[in-house]
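Okay, here's what each chain looks like letter by letter:
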Amino acid sequence: MHYDARKNEHGLPHDPFKAIVAPRPIGWIGSQNKKGQKNLAPYSYFNGVSDQPHYVMFSSNGLKDSLTNAEETGVFTASLATSNLFDQMNISSVPAKYGTDEFELSGLTARQGNYVDAPCVSESPAVLECELWKVLDLPHSSRKKNTGNYIVIGHVIGIYIDDSFIKNGLFDFKLAEPLGRLGYMDYGIINAENSFTKNRPELNEGGEVLPVKEWDGSYK
Ligand SMILES: Cc1cc2nc3c(=O)[nH]c(=O)nc-3n(C[C@H](O)[C@H](O)[C@H](O)COP(=O)(O)O)c2cc1C
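Let us look at the structure shown here. (Residues numbered from 1 in each chain as written. Predicted model: local features only at pLDDT ≥ 70, side-chain atom pairs only at ≥ 80, totals over all residues.)

### Some points on the pairing of strand β6 (residues 75–80)
Taking burial as the measure, the six residues of β6 include six buried ones, the bulk of the element. Every second residue of β6 is oriented toward a common face, with V75, T77 and S79 on one face and F76, A78 and L80 on the other, all of them buried. Here strand β2 (residues 27–32) runs beside β6; their pairing, made up of four bridges, is antiparallel. Following the sheet pairing, G27 is matched in β6 by L80. In terms of strand pairing, β6 meets strand β9 (residues 126–137) through five bridges, oriented antiparallel. Each bridged residue has a counterpart across the sheet, and for S79 the counterpart in β9 is V127. (Buried ≥ 20, exposed ≤ 12 C-beta atoms within 10 Å, placed from the backbone. Helix = DSSP H or I, 4+ residues; strand = E, 2+ residues; numbered from the N terminus. Pairing = 2+ DSSP bridges.)

Put into structure tokens, the structure is as follows:
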């Protein structure tokens, strides 16, 4: 099939877009408003977009509380959503009214970031603490509630890693088991069984691709 995505004429019972852009990491966004009311919600339109300096983005489909709070306070956190925290992550996505503390609702312990005054999930093995850099209002975003799409870009100024997840100098994501958002209502779990290591290829002087060498554990 081939269809005009502008009209979304796929003819399928459900839009396949997110099943194609998959797996997506889940940024579990912690924020608070000026009154100090905490907020937590998962965002799978989430990713790291650069290193040195480190920037991340999440995208709010509609004018949601995480975006409102990030704009109000200038900061937010992104905790790593892991397999053992799936139920809490899912509960924290409920459309609760503004000011509801989803940390409490989902039975999690909130702690304030070390570098930013925004809450994060203390049960999570890794947290990115972010200063809001910019919000991009995508076309046709009117800033009215439940409309528009907004890309929230944050500068990561602090990173927390639970030391027990550091093995041989690497963050042991196989132990952490991050969740991946797939299409529809599907999820994946990254662990030792379904991940693998492969070195980057190199070229010889003649421009030919050399057989890929075993990875020696060093990473540039
Ligand atoms: C795994 C998962 C990923 C989600 N990703 C997004 C997303 O990328 N963008 C979005 O607007 N909503 C997303 N949602 C829905 C929000 O979490 C939900 O609307 C939530 O109530 C927003 O909370 P807030 O208003 O407190 O920010 C996702 C939900 C789940 C369960």
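### Quick notes on the sheet that holds strand β13 (residues 179–181)
Here we have three strands laid out as an open sheet, ordered β1-β13-β14, and antiparallel in their pairing. Edge positions in the sheet fall to β1 (24–25) and β14 (187–189), since each has one partner strand and no second. Where β1 meets β13, two bridges bridge the pair, whose relative direction is antiparallel. For P25, the partnering residue across the bridge sits in β13 and is G180.

### Looking at the site of the ligand
Not every one of the 18 residues close to the ligand is listed here, only the nearest: A41, Y45, K64, D65 and S66. When contributions to the shell around the ligand are tallied by element, the ones reaching two or more residues are β3 (38–43), β5 (55–61) and α2 (65–73). In terms of residue count, β3 provides more of the shell around the ligand than any other element does, four residues in total. Split into classes, the residues belonging to the shell around the ligand amount to six nonpolar, nine polar and three charged. (Near = placed C-beta within 6 Å. Nonpolar A, V, L, I, M, F, W, Y, C, P; charged D, E, K, R; others polar.)

### Focus: the environment of A5
When you line up the elements, A5 lands in the segment before α1 (17–20). Judged by the 10 C-beta atoms lying within 10 Å of it, A5 falls in the exposed class. Measuring from C-alpha to C-alpha, the distance between A5 and G99 comes to 36 Å, with 94 residues separating the pair along the chain.

### Points about the sheet that holds β6
Read from one edge of the open sheet, seven strands run β3-β2-β6-β9-β10-β5-β4, paired in antiparallel fashion. The open sheet has two edge strands with one neighbour each: β3 and β4 (46–50). Averaged over all adjacent pairs, the angle separating strand axes in this sheet is 35°, with direction ignored. Of the strand pairs in this sheet, β5 and strand β10 (residues 149–161) are connected by seven bridges, and their pairing is antiparallel. Bridge pairing in β10 places V56 opposite G154. Relative to the sheet, α2 contacts β2, β3, β5, β6, β9 and β10, its axis offset from that of β2 by approximately 50°. (Axes fitted to C-alpha atoms, helices over the stretch in contact; angles between N-to-C directions. Contact = placed C-beta atoms within 7 Å.)

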